[in-house]
Amino acid sequence: MATDGWHKVASEIDVDPDEPLRVRVDDAQIALCSVDGTLYAIDNICTHEYAELSDGFIEGDCIECPLHQALFHIPTGKAMSPPADEDLTTYPVKVENGDVFVQLHAPGDARK
Ligand code: FES
């Protein structure tokens, strides 16, 4: 059950350190990525055209889009190389008792 916008999306053991994991919360598609043992949640859809970043590759602290190879910085969502020039949305992540939670909407956020 979601409280304060937190949604359980996976178990920690499901997240491969080298592979993004595609998860879904309502209509949102999110890619969970591990960087140096820390989990981050970013939009799974590239900001350039339609491609799922969960099909891409993690390189250090960046993820490469599988379609045109744009790079995004995972912790910040920042677009690092063309053809993408729009940053990805990032989401807060927490791990409790081995379960991974993503916060889609902060308390007080008017979005649903
Ligand atoms: S769709 Fe991702 S870089 Fe073009």
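Residues numbered from 1 in each chain as written. Predicted model: local features only at pLDDT ≥ 70, side-chain atom pairs only at ≥ 80, totals over all residues. Heavy atoms only, no water.

Draft legend 1. Molecular detail of the sheet that holds strand β1 (residues 6-11). Read across the sheet, three strands follow the order β1-β10-β9 without closing on themselves; strand pairing throughout is antiparallel. Strands with a single pairing partner mark the edges of an open sheet, and in this sheet they are β1 and β9 (93-96). Strand-to-strand, the axes of this sheet are offset by a mean angle of 30°, without reference to chain direction. (Pairing = 2+ DSSP bridges. Helix = DSSP H or I, 4+ residues; strand = E, 2+ residues; numbered from the N terminus. Axes fitted to C-alpha atoms, helices over the stretch in contact; angles between N-to-C directions.)

Draft legend 2. Spatial organisation of unusual backbone geometry. With an omega dihedral of 10°, the bond running from P82 to P83 counts as a cis peptide bond. Checked against the element boundaries, P83 lands in the loop between β7 (71-73) and β8 (90-91). Its identity as a non-glycine residue notwithstanding, D26 has a phi of 50°, on the positive side. Note on placement: D26 falls in the loop between β2 (21-25) and β3 (28-35).

Draft legend 3. Molecular detail of the nonpolar core. Grouped together as the largest cluster of nonpolar side chains are 16 residues, with contacts concentrated most on C33, I42, L53, I63 and F72. In contact with C33, not counting residues within four places along its chain, are P20, T38, L39, Y40, I42, I58, I63 and I74. Judged by nonpolar contacts, the second largest core, of 14 residues, contains V23, A28, I30 and L104. (Core = buried A, V, L, I, M, F, W, Y, C linked by side-chain atoms within 4.5 Å. Buried < 20%, exposed > 50% of the residue type's maximum accessible area, 1.4 Å probe, protein only. Contact = heavy atoms within 4.5 Å.)

Draft legend 4. Region of the structure containing the packing of aromatic side chains. Taken as a whole, this structure holds zero aromatic pairs when the rule is applied. The ring of W6 has K94 lying over it, and the distance from NZ or CZ to the ring centre is 4.5 Å. In this structure, K94 is placed above the aromatic ring of F101, and the distance from its NZ or CZ to the ring centre is 5.7 Å. (Phe/Tyr/Trp six-rings, centres within 6.5 Å; stacked < 30°, edge-to-face > 60°. Lys NZ or Arg CZ within 6 Å of the ring centre and 35° of its normal.)

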